[in-house]
Each structure stands twice: as structure tokens, then as C-alpha cells.
Amino acid sequence: MTLSTAPGTSKVPAPAPPRPLKPRRGGSSRRPGHWWIPWAFAAPGLGLFALTTGYPLLRSLQISFYQWSVLPGTPSPFVGLGNYVRAVSDPQFWMSVVNAGAYLLMTVPATIALALAFATLLHRPMAGRTLFRVLYYIPVVTSWVVVSLLFRYLFTTDNGAVNWFLQDILHVVGEPVPWLEQRWTAMAAISLLGIWKNLGWCIVVFLAALSGVQQDLYEAASIDGANAWQRFANVAFPGIRGTVVFVSIVQIIGAFNVFPSVLLMTNGGPAGTTEVPLSYMYKQAFSFLDFGFASAMSFVLAIIISAVSYVQYRVTREKKEA
């Protein structure tokens, strides 16, 4: 075939069509014999995960089926599902789960709402924005032990700073409030610590998500006459909805895993009324050496956390689709 040309000019042959590439054997573009390269790069991480997480997890599952003895040479009788039956029928365990649920309700919604508000403010150009971002993140990197002891001092009945402020400065109470000596006031104090400690991490994640929302959408909404709240509700929030779901699930899991603040502020007291699952497991394992029972409770708690997280994810996903 030749290309048509103007009269008096030479004919230029058409370029030959490209030769089709022959697929490699098996239909894969990878070089044969190099399948092991990705696994070689992943092997160190997988090995570390198996050593530090996989093996302890399987070992804990095994221990949960025994009346485990830590003394060498002492038999550990096999009890089957006995420890699990004991866990689901233990009222103290379910009280600890209720306390964890109350902690979740008092911390997660408040943390998410405050983090969204502060992240929206810090996302705007303002004087000292970097300084405020650093200040909000300082509690995240502070030791749980340090801040738990600090909050225990703040909420001490006799010489606590909170009672001094309420009684001597504001004069809203006539006598000191026994914050850490009653169940729900103690849970409120522990929840305040949880909100203060986790707020900075949520703000940083939301700031990163807000940076991905296109600025043109804000400008278009402003041109249409949308105020600040309408721009957040109709532009910013839909753009970071997936991040909000992710942060919510992480916070729910963290709420069920609350431990050092309870152990150091109340030690589960008074009379075990502020126990949470991890503090109760810790005492069963290391105070009473009942490792089988503690391991069984850990897997029951894992099932509860998985169920709650799945329900929360499904509900949020259905709302998003609607």
C-alpha cells in the first residue's frame, strides 16, 4: 500500500504495522524464575511479625484451653472450653466490658467531634498555626504512665487541683468531690484523660485528609454563597468521610483496650467497679497466675471488638451509600 501524494512527487511507502508482542508463557509479563523476589523483600517483616505477633497469638490460644501452670514440671490440665464458659459467665468480666463500653461512649464521639473542629480551624491560614499543631500533638507522645499519674493527682479528693478549683475558686461545690472513689466519677476522669491523650493524633490524621480536598470546591461553594458550616458539611466532610470511618474504628478498638490509665488512676477500684477488660485480665494472669482464664477472656474480647467494629463499619457504609 502506498500513500497518495500530490502530482509530480514521489510516492512514500506507508510504515509497516507494529509487530504484535508475543505473550510470555502463562500469560504473565514477569520474568520466569523471579517470583521469589517480592517474597525475599517481605521475608524480614513477615519473620518479625511471626516471631513477635503470630507465635504469641497462637500460644495464647493454646493456653486458653488449659488450666495453665507456670511452674516448671507442674502439669497443666486440659479443660477444653471451660475457660471460655467461665469467662462468659463471669459477672466481673461483663462489668469490665460495660465499663469499657461506657468509656467508649464518653471518649470516641467527643474525640472525633473535637478533632474535626480543631482540624478545620488549623487547616486555615492563621498566625501560629504550626505552634498550635505541635501543642496539640504533645500529649500523644507523652508517656501514658506520666499523664495517668498527673491526672490522678488532679482528681485526688483532698488535695486535688480539680477540687481546689471547683471548691475554692468557682465555689460550685461545698465539699470535695470523691472523683476516684466512685464508679462513674472515676470513669469520667479516666475518659477526660483518654480524650486529651488521643485528640492530637486524630487532629493530625484529619489535617492530612483535609489537605486532599480540592480547593476549587471550597471556592465554588463560596461563590454560591455557602457559609463556613455549609462548606464543611457539603465539601470538607464528604471528602474525608472515609478517614472519619477509619479514625472511628481505630478509636473504638483503642477504647476497648484502655489499660494504663485505669491501672494507675484507680487500680480497678473501688471494689472492682472501674475494672476494664485489660486490667481484669492483667490481674487474673499476673496476680492470680490464672493464665488460661486470662487468655480465654482476651479472645472473647477480640470477638466483641471485631463485632462492634464490623457493625460500625457497615452502618457507616450504608449511610454513605444512601
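The rules behind the values
Residues numbered from 1 in each chain as written. Predicted model: local features only at pLDDT ≥ 70, side-chain atom pairs only at ≥ 80, totals over all residues. Heavy atoms only, no water. Helix = DSSP H or I, 4+ residues; strand = E, 2+ residues; numbered from the N terminus. Contact = heavy atoms within 4.5 Å. Areas by Shrake-Rupley, 256 points an atom, 1.4 Å probe, with all protein chains shown as cover. Phe/Tyr/Trp six-rings, centres within 6.5 Å; stacked < 30°, edge-to-face > 60°. Buried < 20%, exposed > 50% of the residue type's maximum accessible area, 1.4 Å probe, protein only. Salt bridge = Lys/Arg side-chain N within 4 Å of Asp/Glu carboxyl O. Patch = residues over 30% accessible without salt bridge, like charges linked within 9 Å, V, L, I, M, F, W, Y side chains within 5 Å. Axes fitted to C-alpha atoms, helices over the stretch in contact; angles between N-to-C directions. Parallel < 35°, antiparallel > 145°, perpendicular 65-115°, else oblique. Left-handed = near helix turned anticlockwise from the far one by under 90°. Nonpolar A, V, L, I, M, F, W, Y, C, P; charged D, E, K, R; others polar. Core = buried A, V, L, I, M, F, W, Y, C linked by side-chain atoms within 4.5 Å. Arc of directions from axis to C-beta. Polar contact = N/O pair within 3.5 Å; in protein donor to acceptor, adjacent residues only side chain to side chain. Lys, Arg positive; Asp, Glu negative; His and termini not counted.

In this section: the overall build of the protein chain. Helix and strand counts for the protein chain stand at 13 helices and 0 strands. Secondary structure elements of the protein chain occur, N-terminal to C-terminal, as α-α-α-α-α-α-α-α-α-α-α-α-α. Across the protein chain, every contact between residues at least 6 apart in sequence was considered, and the portion connecting residues at least 24 apart equals 64%. By element, 67% of the accessible surface of the protein chain is carried by carbon and sulfur atoms, the whole surface being about 20000 Å².

Before going further, it helps to spend a moment on the packing of aromatic side chains. A full pass over the atoms with the stated rule returns 14 aromatic pairs. Here Tyr 282 and Phe 286 contribute two aromatic rings whose centre-to-centre distance is 5.2 Å and whose plane-to-plane angle is 45°, an arrangement assigned as tilted. Of the two residues, Tyr 282 and Phe 286 both sit in helix α12 (residues 277-286), 4 residues apart, roughly one turn of that helix. Given the relative accessible area of 54%, Phe 286 is considered exposed. One aromatic cluster is present, built from ring pairs that chain together Phe 151, Phe 155, Trp 179 and Trp 196.

Quick look at unusual backbone geometry now. Cis geometry marks the peptide bond from Gly 269 to Pro 270; its omega dihedral reads 0°. Note that Pro 270 resides in the loop between α11 (260-265) and α12. Even without being a glycine, His 171 presents a positive backbone phi close to 55°. Given the relative accessible area of 59%, His 171 is considered exposed.

Applying the stated criterion to the full structure yields 2 salt bridges. One salt bridge connects Asp 290 with Arg 86, and the closest N-O pair in it is separated by 2.7 Å. Of this pair, Asp 290 sits in the loop between α12 and α13 (291-321) while Arg 86 sits in helix α2 (residues 82-88), and the two are 204 residues apart along the sequence. We note a salt bridge from Glu 275 to Lys 283, for which the minimum N-O separation is 2.7 Å. Assigned by exposure class, Glu 275 and Lys 283 land together as buried.

Attention now goes to a nonpolar patch on the surface. A surface patch of nonpolar side chains, amounting to about 770 Å² of accessible area, comprises Trp 35, Trp 36, Ile 37, Trp 39, Phe 41 and Leu 46. With respect to the element layout, Leu 46 can be found in helix α1 (residues 36-63).

Closest axis-to-axis distance for the helix α3 (residues 91-123)/helix α4 (residues 129-141) pair is 10 Å, and the angle between their directions is 155°. In terms of orientation, α3 lies roughly antiparallel with respect to α4. Handedness of the crossing formed by α3 with α4: left-handed. Each of Phe 118, Leu 122 and His 123 in α3 lies in contact with α4, whose residues at this interface are Arg 129, Phe 132, Arg 133 and Tyr 136. A per-class count over the contact of α3 with α4 returns 4 nonpolar, 1 polar and 2 charged.

Grouped together as the largest cluster of nonpolar side chains are 60 residues, with contacts concentrated most on Phe 206 and Phe 256. It is helix α7 (residues 183-211) that provides the largest number of residues to this core, a total of 13 residues. If sequence neighbours within four positions are ignored, Phe 256 has contacts with Val 97, Ala 100, Gly 101, Leu 104, Leu 278, Leu 301, Ile 304, Ile 305 and Val 308.

Turning to the environment of Met 126, a few remarks are in order. Relative to the helices and strands, Met 126 resides in the loop between α3 and α4. Met 126 gets classed as partly exposed once you look at its relative accessible area, which sits at 38%.

By the burial criterion, the buried members of helix α5 (residues 144-154) are Val 147, Ser 148 and Phe 151. What you see down the axis of α5 is that its buried residues fit within an arc of 105°, all on one side. If you check the start of α5, you find a side-chain oxygen 3.2 Å away from the backbone N of Val 145, and it comes from Ser 143.

Let us now look at the side chain of Lys 197. For Lys 197, the location among the structural elements is in helix α7. Comment: no salt bridge for buried Lys 197; closest opposite-charge side chain is Glu 275, at 20 Å. A distance of 2.9 Å separates a polar side-chain atom of Lys 197 from the backbone oxygen of Pro 139.

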